Amino acid sequence: MSRRGRAVSGRRRRSSARARQNTAGVYAVAAVAAGTLAVATVRWLLANWWVLVVAAAVAVAGGAAWLYRRAERARAERLRMQGLRYELPRLDSLHHREFEFAVRDLMLRDGCGDARQVGGAGDNGADVLATDPAGRRWVIQCKHRRDGDRGSAVGTPDLQRVNGTARPLHRADVVVVVTNGRFSAKCPTLARQLDMHLVDRRTLATWAAGSRPLWELLPRVPPPRRPSPLP
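The shown structure was predicted, so the numbers you read here are calculated from the model rather than taken from an experiment.

J.: Where do I start with helix α6 (residues 187–194) in this structure?
T.: Because an α-helix packs 3.6 residues into every turn, residues spaced three or four apart end up facing the same way. Taken residue by residue, α6 has Cys187, Leu190 and Ala191 as its buried positions. Taken end-on, α6 shows its buried residues confined to a sector of 105°, consistent with a single buried face. Exposed and facing more than 90 degrees away from the buried side of α6 are Arg192 and Gln193. Those residues of α6 that are buried lie in contact with α5 (156–166) and β5 (197–199). Backbone geometry just downstream of α6 places Asp195 in the positive-phi region, at approximately 55°.

Below you can see the structure in the form of C-alpha cells.
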C-alpha cells in the first residue's frame with residue numbers, strides 16, 4: 001500500500017474510533033439521566049403518596065366499570081338470543097353459510113353456550129358443534145336449499161359422510177343433519193340404522209319459530225351426561 005493509502009486508512013480508523021467513543025458517551029449520559037429521573041420520581045412519589053392511592057382508586061373504578069359494561073353486554077346478548085325466532089321464508093333466503101350461523105344461534109338460544117360454526121374447507125363433516133346443558137356433544141351438518149322443499153333432496157351419501165367423522169373425530173353424542181328442504185325416501189331408515197337424527201323442514205320450522213330446544217323435538221336423544229341446570 002502506498003504512503004497516501006496508509007494515511008487515508010489511518011484517518012478512517014481514527015474517525016471510526018471517535019464515532020464509537022461519541023456513541024458510548026451519549027449512552028452513558030442517557031443512562032445517568034434516566035437513573036437521576038427515576039430516583040427523583042421515586043422520591044416525589046414517596047413524598048406525595050396520595051397520588052398512588054388516587055391512581056389505584058381510578059384504576060379499580062375503571063376496571064369495575066369495564067367489567068360492568070361487559071356483563072351488561074353479555075346480559076343483553078342472552079336476552080336477545082332468548083327471543084330469537086326464525087320463520088321459514090327468512091331461512092330460505094339465507095346463503096348456505098348464513099344458514100349455518102342461524103343454526104348455531106338457535107343452539108345458543110337453547111343454552112349451548114359453546115355453540116360455534118365450523119363449516120367450511122376441512123370441516124370434517126361438521127358445520128356446527130355444540131354442547132347442550134345436559135353435557136351432550138352435538139355435531140350438526142347443515143344442508144341449505146335455496147328453493148326449500150322444491151330443491152334437490154338431501155340423500156343418503158350426505159348422511160354417510162357426516163356419520164363417518166362425527167363420532168371418531170368430533171366425539172359426538174348426538175349427530176344431526178338439518179335442512180330447510182327435504183330428505184330422500186331412504187334417509188329415515190339409514191338415519192335410524194346409524195343412530196342419527198334428521199331435522200326436516202317441518203321440524204326446523206317448529207324449532208326455529210318456537211321456544212323449545214331441539215332435544216325436546218327429536219326422538220331417541222341420548223340421556224344427559226350431567227344433570228340439567230335448574231331454570
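J.: So what exactly am I meant to see when it comes to the packing of aromatic side chains here?
T.: Any two aromatic rings considered together are summarised by their centre-to-centre distance and by the angle between their planes. Throughout the structure, instances matching the rule amount to one aromatic pair. Between Trp138 and Trp215 the ring centres are 5.8 Å apart and the planes differ by 55°, which places this aromatic pair in the tilted class. Here Trp138, found in strand β3 (residues 137–143), pairs with Trp215, found in the segment after α7 (201–209); they are 77 residues apart in sequence, far enough to count as distant. Judged on exposure class, the residue Trp138 and its partner Trp215 are both buried.

J.: Which parts of the structure should I look at to understand the confidence of the model for the chain?
T.: In low-pLDDT segments, the atomic positions of the prediction should not be examined closely. Looking at the chain as a whole, the pLDDT averages 83, with 77% of positions reaching at least 70. When pLDDT is averaged over each element of the chain, β5 comes out on top at 98 and helix α2 (residues 50–82) at the bottom at 63.

J.: What should I look at first to understand the environment of Leu198 in this one?
T.: Secondary-structure assignment places Leu198 in strand β5. Separated by 20 residues in sequence, Leu198 and Val178 have C-alpha atoms that sit 6.0 Å apart. Once residues within four sequence positions are removed from consideration, Leu198 is found in contact with Leu159, Val177, Phe183, Cys187, Pro188, Ala191 and Leu218.

J.: Even after reading the chapter, I still don't get the layout of surface pockets, so can you show me in this structure?
T.: The probe, sized like a water molecule, is rolled over the atoms to show the empty space still left. The calculated volume of the largest pocket comes to roughly 210 Å³. In terms of lining residues, the largest pocket is bounded by 13 residues, among which His197, Leu198, Leu218, Pro219 and Arg220 are the most central. Elements supplying a minimum of two residues to the lining of the largest pocket: α6 and β5. It is α6 that provides the largest number of residues to the lining of the largest pocket, a total of three residues. The residue makeup of the lining of the largest pocket, split by class, is eight nonpolar, two polar and three charged.

Thresholds, definitions, all that
Residues numbered from 1 in each chain as written. Predicted model: local features only at pLDDT ≥ 70, side-chain atom pairs only at ≥ 80, totals over all residues. Heavy atoms only, no water. Buried < 20%, exposed > 50% of the residue type's maximum accessible area, 1.4 Å probe, protein only. Helix = DSSP H or I, 4+ residues; strand = E, 2+ residues; numbered from the N terminus. Arc of directions from axis to C-beta. Contact = heavy atoms within 4.5 Å. Phe/Tyr/Trp six-rings, centres within 6.5 Å; stacked < 30°, edge-to-face > 60°. pLDDT = per-residue confidence, 0-100. 1 Å grid on protein atoms, 1.4 Å probe; cavity = no way out; pocket = protein on both sides within 12 Å on 5 of 7 lines; lining within 4 Å. Points joined across faces, edges and corners; volume = space filled by probe spheres on them. Nonpolar A, V, L, I, M, F, W, Y, C, P; charged D, E, K, R; others polar.

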